[in-house]
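So the chains spell out like this:
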Amino acid sequence: MTSGELLSAIIAELSAVGAATDLGTISEDGERVSAVLTIDDRRLCLSLEPAIAGMDERID
């Protein structure tokens, strides 16, 4: 599954449960994919990109 396909699946799930509204298409910049969503009347940009090799620690 590509990052774009994963982001599409996440957006579809958020939309299906009424948690988010998709404001447009997915854009790509190199290996990063992004989409703008509306959640609770706020616009948020959701971006995904491959992790750096060896990056196993959690980011809090």
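Summarised in this report is the structure supplied together with it. Note that this is a predicted model, so its numbers are computed, not measured.

The next subject is the pairing of strand S3 (residues 32–39). With two bridges joining them, strand S1 (residues 21–22) and S3 adopt antiparallel strand pairing. Paired with Thr21 across the two strands is Thr38, which belongs to S3. Where strand S2 (residues 27–29) lies against S3, three bridges are found, and the strand directions are antiparallel. Note on S3: the bridge partner recorded for Asp29 is Arg32. Counted between consecutive antiparallel strands, the loop separating S2 from S3 contains two residues, among which Gly30 sits at a positive phi close to 70°.

What follows covers the pairing of strand S4 (residues 42–48). With seven bridges connecting them, S3 and S4 associate as antiparallel partners. Pairing of Ile39 across the sheet is with Arg42, part of S4. Taking the residues that link successive antiparallel strands as the turn, the S3-S4 hairpin has two residues, and the phi of Asp40 there is positive, at about 50°.

Thresholds, definitions, all that
Residues numbered from 1 in each chain as written. Predicted model: local features only at pLDDT ≥ 70, side-chain atom pairs only at ≥ 80, totals over all residues. Heavy atoms only, no water. Pairing = 2+ DSSP bridges. Helix = DSSP H or I, 4+ residues; strand = E, 2+ residues; numbered from the N terminus.

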